[in-house]
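What the coordinates show
Residue strings, one per chain:
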Amino acid sequence: MNFSGRTAIVTGGAKGIGRGCCELLAQHGANVVIADMNLAGAQEVEKALKEKGCSAKAVQVNVKSVGDVRAMVETAADTFGTVDILINNAGILHTTPIEDITEEEWDNIVAINLKSVFFATQAVLPYMKEKRYGKVLNLSSLAGRNGGIANGLGYSATKAGIIGLTRGFAARLAKYGINVNAIAPGSTDTGILDTLPQEKIDELVSKIPLGRFGKTKEIAGVAVFLCSDEASFMTGAIVDVNGGMYFG
Ligand SMILES: NC(=O)c1ccc[n+]([C@@H]2O[C@H](COP(=O)([O-])OP(=O)(O)OC[C@H]3O[C@@H](n4cnc5c(N)ncnc54)[C@H](O)[C@@H]3O)[C@@H](O)[C@H]2O)c1
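What comes next concerns the included structure. None of the values given here were measured: they were computed from a predicted structure.

Assigned secondary structure in the chain consists of eight helices and seven strands. A compact globule built from 248 residues should have a C-alpha radius of gyration of about 18 Å, and the chain, at 17 Å, falls within 12% of that. By its C-alpha atoms, the chain is 50 × 40 × 35 Å across when sized along the principal axes. Counting across all 248 residues of the chain, residues that qualify as buried make up 51%. Taking all contacts inside the chain whose residues are at least 6 apart in sequence as the whole, residues at least 24 apart take part in 73%. Summing over all exposed atoms, the chain offers an accessible surface of approximately 10,900 Å²; the carbon and sulfur share of this is 53%. Computing the positive centroid from 24 side-chain charges and the negative centroid from 25, the chain places the two 8 Å apart.

Shown next as structure tokens:
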């Protein structure tokens, strides 16, 4: 893979899968915008990448704000001249039972996990259309495929919504040379699972044929591959990365 001269925005890039994507993109030559609500975390990634001679910029964004998302894209373009790659990775998990989910909680998870994907993609379009080149990669989830096991249904709904958005964007944007794909990871060993009780974690592991959670690098590797020119004939794909737990 060679991303020299390409500029990539990774939302939620300060940690977990997003950080893994930032590191891999930078390692292969991209200018990387680490966009996260956690500015200190994003700045730490920026520093680590720059120490390795890579080109990086930390940007603070709350992806649930359309204004923030538009400003993030403008900052990326002002800093590096354009935007070629967008990884819509920022997301939150919840585990609230059906009976206890409030309207506020529902709206919050939809805004962070789903609305953000639409508006960030909308915001990068002018740059990608102009060049007739662009890669958008969305983080869905196994929960969007099978309804989920340990998570709340707001999470399952948003991750299933991302699959619809990915296919809808892919069909409409192919004529501009823009590839839009998603990955649907199974349980992956990042901080996002820390909210789950131990018995849920044991239950999840027992259902994974490969017998373990995924590693951040195993997810980031597939995500970044889908943003590469090696994957140029893939669009509208939802790639399962789940240790054999579900075959789409
Ligand atoms: N870890 C898993 O098991 C798993 C499985 C399937 C899908 N995913 C998806 O992969 C993505 C990354 O997951 P992860 O496990 O690396 O998460 P994580 O919790 O380790 O990291 C998420 C990052 O997103 C940032 N973020 C959260 N809300 C934000 C907001 N409103 N605006 C900007 N940044 C925000 C956080 O600050 C953090 O840096 C998520 O979309 C998640 O749903 C994760």
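Additional details are given in the paragraphs that follow.
In this section: the pairing of strand S4 (residues 85–88). Both faces of S4 are covered, namely the face carrying Ile85 and Ile87 and the face carrying Leu86 and Asn88. When strand S1 (residues 7–11) meets S4, the two strands line up parallel, connected through three bridges. Bridge pairing links Val10 to Ile87 in S4. The pairing of S4 with strand S5 (residues 134–139) spans four bridges and is classified as parallel.

All right, on to the pattern of salt bridges then. Close approach of charged atoms lets side chains of opposite charge pair. Here the structure, examined in full by the defined rule, presents eleven salt bridges. Arg19 is paired through a salt bridge with Glu44; the nearest N and O atoms lie 3.4 Å apart. A residue pair is termed long-range when its members are at least 10 positions apart, and Arg19 in helix H1 (residues 16–27) and Glu44 in helix H2 (residues 39–51) qualify at 25 residues. The residue Asp240 makes a salt bridge to Arg145 at a minimum N-O spacing of 3.0 Å. Of this pair, Asp240 sits in strand S7 (residues 238–241) while Arg145 sits in helix H5 (residues 142–146), and the two are 95 residues apart along the sequence. Classification of Asp240 by relative accessible area gives partly exposed; the value is 24%. A single network of salt bridges, built from pairs that share partners, joins Arg6, Asp84 and Lys131.

Close to the ligand lie 28 residues, the nearest being Asp36, Asn89, Tyr155, Thr188 and Thr190. Contact distances for the ligand include 2.7 Å between an oxygen atom and a side-chain N or O atom of Tyr155. Protein chains shield 93% of the accessible area of the ligand, which is 830 Å² for the free molecule. Per-class residue counts for the shell around the ligand are 13 nonpolar, twelve polar and three charged.

The next point concerns a nonpolar patch on the surface. A contiguous nonpolar patch, built from Ile98, Trp106 and Leu153 and spanning about 300 Å² of accessible area, is present on the exposed surface. You can see Trp106 is positioned in helix H4 (residues 103–131).

About the criteria used
- Residues numbered from 1 in each chain as written.
- Predicted model: local features only at pLDDT ≥ 70, side-chain atom pairs only at ≥ 80, totals over all residues.
- Heavy atoms only, no water.
- Helix = DSSP H or I, 4+ residues; strand = E, 2+ residues; numbered from the N terminus.
- Rg over C-alpha atoms; globule rule 2.2 N^0.38 Å.
- Buried < 20%, exposed > 50% of the residue type's maximum accessible area, 1.4 Å probe, protein only.
- Contact = heavy atoms within 4.5 Å.
- Areas by Shrake-Rupley, 256 points an atom, 1.4 Å probe, with all protein chains shown as cover.
- Lys, Arg positive; Asp, Glu negative; His and termini not counted.
- Charge placed at Lys NZ, Arg CZ, Asp CG, Glu CD.
- Pairing = 2+ DSSP bridges.
- Salt bridge = Lys/Arg side-chain N within 4 Å of Asp/Glu carboxyl O.
- Near = heavy atom within 4 Å.
- Polar contact = N/O pair within 3.5 Å; in protein donor to acceptor, adjacent residues only side chain to side chain.
- Nonpolar A, V, L, I, M, F, W, Y, C, P; charged D, E, K, R; others polar.
- Patch = residues over 30% accessible without salt bridge, like charges linked within 9 Å, V, L, I, M, F, W, Y side chains within 5 Å.

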